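Observations on the model geometry
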Amino acid sequence: MIKDEPEDKYIPVLKPVLEALLNENKMLRRKNSQLGGKVARMRRALNGGD
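Cut-offs used in this document
Residues numbered from 1 in each chain as written. Predicted model: local features only at pLDDT ≥ 70, side-chain atom pairs only at ≥ 80, totals over all residues. Heavy atoms only, no water. Helix = DSSP H or I, 4+ residues; strand = E, 2+ residues; numbered from the N terminus. Buried < 20%, exposed > 50% of the residue type's maximum accessible area, 1.4 Å probe, protein only. Areas by Shrake-Rupley, 256 points an atom, 1.4 Å probe, with all protein chains shown as cover. Patch = residues over 30% accessible without salt bridge, like charges linked within 9 Å, V, L, I, M, F, W, Y side chains within 5 Å. Salt bridge = Lys/Arg side-chain N within 4 Å of Asp/Glu carboxyl O. Expected span 1.5 Å × (residues − 1).

**A closer look at the overall build of the protein**
Counting its regular elements, the protein contains one helix and zero strands. Across the 50 residues that make up the protein, the buried fraction comes to 0%. Summed over its atoms, the accessible surface of the protein is roughly 5200 Å², and 62% of this surface lies on carbon and sulfur atoms.

**Quick look at a nonpolar patch on the surface**
A surface patch of nonpolar side chains, about 490 Å² in accessible area, is lined by Y10, L14, V17, L18 and L21. For L18, the location among the structural elements is in helix 1 (residues 11-48).

**What about helix 1?**
Its 38 residues place the ends of helix 1 54 Å apart at the C-alpha level, agreeing with the 56 Å of an ideal helix rising 1.5 Å per residue. By the criterion of burial, helix 1 is predominantly exposed, with just zero of the 38 residues buried.

Encoded structure:
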């Protein structure tokens, strides 16, 4: 027999929050890799200038 757990009522509230966090994480990761590429290019330019 399955009885309703009181925690179940939090799931519909948490799901959109979790999805929003996942989306934000994806965007930040993308931004971070773009910045990493920029830094690498700048480092190469600086080191190449020697």
